[in-house]
Amino acid sequence: MSDITVILPEGEAGQFTGDASVADALAGLLSNKQRKQTVAVAVGDTMVDLATRLDSLGREKIELRPVLISSNEGLDILRHSTAHLMAKAVLDIYGPKVKVAIGPAIEDGFYYDFERETPFTPEDFDAIEARMQETVKSGLPFERKVVAKVEAIALFTGNDEQYKVELLREIEDDTVSLYQLGDFVDLCRGPHVPNSSWLQVFKLIKVAGAYWRGDEHNQMLQRLYGTAFDDRKRLKKYLSDLEEAKKRDHRKLGRELGLFTISDQVGPGLILWQPKGALLRRLIEDYWKEEHYKHDYELLYTPHIARLDLWKTSGHLDFYSENMYSSMAIDEVQYQLKPMNCPFHIAIYESQMRSYREFPLRWCELGTVYRYERTGVLHGLLRVRGFTQDDAHIFCRPDQLQEEIFNILNLNLNILATFGFAQYDIYLSTRPDKYVGSEEHWQKATDALEQALEKRGLAYQIDPGEGVFYGPKIDIKIKDVLGRSWQCSTIQVDFNLPERFEVSYIGEDSREHQPIMIHRALMGSLERFIGVLIENYAGAFPLWLAPVQARIMNITDAQGDYCEKVYLELRRAGVRIEKDLRNEKLNYKIREAQLAKIPYMLVIGDREAESGTVTVRERSGNNLPPMPVTDFAAKIREECAAALG
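Every chain begins its residue count from 1, and numbering advances along the sequence as written. Local features in a predicted model are, by the rule used here, given only for residues with pLDDT of at least 70; side-chain atom pairs are given and counted only at 80 or more, and totals for whole chains, interfaces and linings are based on all residues. To obtain the side-chain values, all non-hydrogen atoms of the structure were used and water was disregarded.

Caption draft 1: Region of interest: the overall build of the protein. What counts as a helix is a DSSP run of H or I of at least four residues, what counts as a strand is a run of E of at least two, and both are numbered from the N terminus. What the protein contains, in helices and strands, is 20 helices and 35 strands. The dimensions of the protein, computed from C-alpha atoms along their principal axes, are 95 × 75 × 55 Å. A 1.4 Å probe rolled over the protein chains alone gives each residue an accessible area, and that area as a share of the maximum for its type sets the label: buried under 20%, exposed over 50%, partly exposed in between. The buried share among the 645 residues of the protein stands at 50%. By sequence separation, contacts in the protein at least 24 residues apart represent 70% of the contacts at least 6 residues apart. Accessible surface area values rest on a Shrake-Rupley calculation with a 1.4 Å probe, where residue burial reflects the displayed protein chains alone. For the protein, the exposed surface amounts to about 31,300 Å²; the carbon and sulfur share of it is 47%. Within this scheme the basic residues Lys and Arg register as positive and the acidic residues Asp and Glu register as negative, but His and the chain ends are omitted. For this purpose, a charge sits on NZ of Lys, CZ of Arg, CG of Asp or CD of Glu. Averaging the locations of the 80 positively and 98 negatively charged side chains of the protein gives two centres separated by 5 Å. Should any heavy atoms of two residues lie within 4.5 Å, those residues are considered in contact.

Here is the structure:
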């Protein structure tokens, strides 16, 4: 048997026999500390188990990259292995009447889907976790076996595991890999940790319903979620953040603060804005419009429906029909609720002949669109069926493209910073397998996006093949105070619509040319963005955004008339004010105002009524000295002006 050369990224190399395992090679090349932290290795783009024989990799010279358990790749392996551990525990406890489906690693954790007649509840978690710990202590190996597909089908058929059999029948290869942990056998590509003793830090989180393969026509399964880490401190922090996230849940706070409602009578995924929520939305819209006016955008308004033929021309019926609602007949003509605003902006562009001298045209719209989302994925403000995009389309010449993208980035990041978001991840998505337009156009557009990012000095990652079919794009994922990422902003270059609608402009050479169209949304949708804002601030909005900036409260009924006078004066001064003149104890009123997350409480007793002042208490509990009403109004104006730059 000829020797195989193994090389590590740092340059260490060694000669090993073909029947040696990856673990054997690492033992000869890594320190004891490094080896104990290595859960798998990467060979090119493929990750393999430590038990893999070197000769099975089919090379005489192999470059191995150790995957540390604390890395993102390592945690994925750890969590995937813990999903298997959980599935084994469920079968150990509840027996063969439970059928297993799939159990992948996901962001921050894992899940496994089960079919079981009796629903799981959180009360079952202690027993499942205890059984998992028993397997951890036993140190059972994760054993990989490659078998013929027909053999695997026979195995799972004999175990009455119809979900595994269905998956197997769709695999084209003649052989498949199975992983065995004790008596639990699963269909899996791997890799996995060497043995169950690696899986000591985990916690089951919740149970939810999930249709098999995400199709509501299929069997409803029960999905058990959990998380796993490489050390207990990281798990403790994650669980603490999870509890904090529950407190910040925008659905809970939206109800408590009277911001929005979702009614079964109206329909799921359709938001009803209550007065305070509507005021919050208006503040955001007004700021958005003012900023766009300053940056030379013009505002548009377009209808909610259009002839079906418009969506045929735009290509939405070909590429997006599954997200569109059924058409409706009006005067024997088919109309369609709009899923996008862009075809309407094209129609406005077509209303007259355009000259190169007019460019760039920057048109923006807070346009409400309607898209079909399955009931199971609807989630408060974050996933809805009707939402308002902060949309804009820029028509420009090729020589203006990079500068326009740079300007969009500036506006985008400035607006995000105003709302308190200064941390984000940026992705540049390139050409997918299916696309329209020439390769030359794609390259020019991708270069323009990349150059604008570099000119702005922004770090970004390439997301290969994740552009939309009509052009490359930039996606910006903002991070909230808990470090969670939210997809909001997108900038997309489009060759498709100008070509489909045959729009043009008269160039300097007096000939017709096709403009470049840029789609961009900075917040994504107002609904989603407000949901993120609620969770980011835990409902305690900064003063300029707070629907109610101050609440007046009297100590006794004797100050009622003065409170009414102060209320009207501040309202006329532009302060968003409300009053609490109930015959209740002052401490109770203060507590109510704090729960309502109101920035300032104005306490009025006999002294304030006599001196024409108000005593100001901050949301934090800090008390300010009494001040004239005009001074408080000026304080509000100055704080808001400072926040808005």
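Caption draft 2: Examining the sheet that holds strand β12 (residues 184–187) more closely. At least two DSSP bridges between two strands are needed for those strands to be called paired. Taken together, 3 strands build an open sheet; the order of strands is β10-β11-β12 and the sheet is antiparallel. The open sheet is flanked by β10 (142–148) and β12, the only strands paired with a single partner. Neighbouring strand axes in the sheet, compared pairwise and without regard to direction, differ in orientation by 30° on average. For β10 and strand β11 (residues 175–181), the ladder comprises 7 bridges, and the chain directions are antiparallel. Looking across to β11, one finds that A148 is bridged to T175. Angles shown run from 0 to 180 degrees and are taken between the N-to-C directions of axes, each axis being a line fitted to C-alpha atoms and, for helices, limited to the stretch in contact.

Caption draft 3: Structural view of the side chain of T613. Assignment of secondary structure puts T613 in strand β34 (residues 613–618). T613 gets classed as buried once you look at its relative accessible area, which sits at 13%. Aside from chain neighbours lying at most four places away, what touches T613 is Y562, E608, P626, M627 and P628.

Caption draft 4: Structural view of the pairing of strand β30 (residues 516–521). Along β30, 6 of the 6 residues are buried, which leaves the element largely enclosed by surrounding structure. The alternating pattern of β30 places I516, I518 and R520 on one face and M517, H519 and A521 on the opposite face, and all of these are buried. Looking at chain direction, strand β23 (residues 386–396) and β30 are connected through 6 bridges and run antiparallel. Counted as the bridge partner of H393 is H519 from β30. The pairing of strand β27 (residues 485–494) with β30 spans 5 bridges and is antiparallel. Each bridged residue has a counterpart across the sheet, and for D494 the counterpart in β30 is M517.

Caption draft 5: Structural detail: the packing of aromatic side chains. Classification of ring pairs rests on two measures: the distance between centres of Phe, Tyr or Trp rings, Trp counted by its six-membered ring, which must be within 6.5 Å, and the angle between planes, read as stacked under 30 degrees, edge-to-face over 60 and tilted in between. Within the structure shown, the criterion is met by 23 aromatic pairs. Ring geometry for Y349 and F359: centres 6.3 Å apart, planes at 35°, overall tilted. Residue Y349 is found in helix α12 (residues 342–349), and its partner F359 is found in the loop between β21 (354–355) and β22 (361–370); the two are separated by 10 residues along the sequence. Comparing Y349 with F359 shows no difference in burial state: the two are buried. According to the relative accessible area criterion, F359 is buried, its value standing at 6%. Each member of the aromatic cluster is reached from another via a ring pair, and the members are Y287, F419, F421, F529 and W544. Note on criteria: charge over ring means Lys NZ or Arg CZ within 6 Å of the ring centre, with the direction from the centre no more than 35 degrees off the ring normal. Over the ring of Y427 we find K477, and its NZ or CZ is 5.1 Å from the ring centre.

Caption draft 6: Region of the structure containing the sheet that holds strand β33 (residues 600–604). Spatially, β32-β31-β33-β34-β35 is the arrangement adopted by the 5 strands of the open sheet, whose pairing is mixed. Unpaired on one side and paired on the other, β32 (577–580) and β35 (627–628) mark the two borders of the sheet. Pairing of β33 with β34, which is carried by 4 bridges, proceeds in the antiparallel orientation. Paired with Y600 across the two strands is E618, which belongs to β34. Along the sheet face, helix α17 (residues 560–572) touches β31 (550–554), β32, β33 and β34 and points at about 170° away from the line of β32.

Caption draft 7: Helix α20 (residues 629–643), seen in detail. Take the number of residues in a helix, subtract one, and multiply by 1.5 Å to get its expected span. Given a rise of 1.5 Å per residue, 15 residues ought to cover 21 Å, and the 22 Å separating the end C-alpha atoms of α20 matches this to within 8%. All of the buried residues along α20 are V629, F632, A633, A634, I636 and C640. If you follow the buried residues of α20, they end up packed against β31, α17, β33, β34 and β35. Looking one or two residues beyond α20, the residue adopting positive phi is G645, at roughly 75°.

Caption draft 8: Spatial organisation of the pattern of salt bridges. What makes a salt bridge here is a side-chain nitrogen of Lys or Arg within 4 Å of a carboxyl oxygen of Asp or Glu, nothing more. The full count for this structure, using the stated rule, is 43 salt bridges. With a shortest N-O distance of 3.1 Å, D92 and K88 are connected by a salt bridge. Here the residue D92 and the residue K88 both occupy positions in helix α3 (residues 72–94), the gap between them amounting to 4 residues, near one helical turn. For K88, a relative accessible area of 5% gives the class buried. For the salt bridge of E134 with R131, the shortest nitrogen-to-oxygen distance reads 2.5 Å. Taken together, the positions of E134 and R131, both in helix α4 (residues 125–138) and 3 residues apart, correspond to about one turn of that helix. Salt bridges linked by common partners bring K88, D92, R131, E134 and D183 together as one network.

Caption draft 9: The state of the cysteines, seen in detail. Disulfides are defined as pairs of cysteine sulfur atoms found within 2.5 Å of each other. This structure, assessed with the given rule, holds 0 disulfides. The closest cysteine sulfur to the non-disulfide-bonded C364 is located on C342, 15 Å from its own sulfur.

Caption draft 10: Broad picture of the packing of helix α5 (residues 149–158) against helix α6 (residues 162–169). Direction vectors running N to C along α5 and α6 enclose 165°, while the axes themselves pass 8 Å from each other. Looking at the two axes, α5 sits roughly antiparallel to α6. Along this stretch, α5 crosses α6, giving a crossing that reads as left-handed. On the side of α5, the interface is formed by K149, A152, I153, F156 and T157, while α6 contributes K164, V165, L168 and R169. Throughout, the ten residues Ala, Val, Leu, Ile, Met, Phe, Trp, Tyr, Cys and Pro are labelled nonpolar, Asp, Glu, Lys and Arg are labelled charged, and all others, Gly among them, are labelled polar. Considering only residue class, the contact of α5 with α6 consists of 5 nonpolar, 1 polar and 3 charged. Each angle is binned into one of four classes, with values under 35 degrees roughly parallel, values over 145 roughly antiparallel, values of 65 to 115 roughly perpendicular, and all other values oblique. Handedness of a crossing follows from how the near helix is turned relative to the far one, being left-handed for an anticlockwise turn of less than a right angle and right-handed for a clockwise one.

Caption draft 11: Layout of the environment of P628. By the secondary structure assignment, P628 is in strand β35. Expressed as a C-alpha distance, the spacing of P628 and S489, which sit 139 residues apart in the sequence, is 43 Å.

Caption draft 12: Geometry of α4. Over its 14 residues, α4 extends 20 Å from the first C-alpha to the last, a length consistent with the 20 Å expected when each residue adds 1.5 Å. Taken as a whole, α4 has its buried residues at F125, I128, E129, M132, T135 and V136. What you see down the axis of α4 is that its buried residues fit within an arc of 115°, all on one side. In α4, the exposed positions that point more than 90 degrees away from the buried face belong to D126 and K137. Of the surrounding elements, those touching the buried residues of α4 are α3, β11, β13 (202–211) and β14 (220–228). Note on α4: the residue one or two positions beyond its end, G139, has a positive phi of about 60°. By definition, the arc is the one covered by directions from the helix axis to the C-beta atoms.

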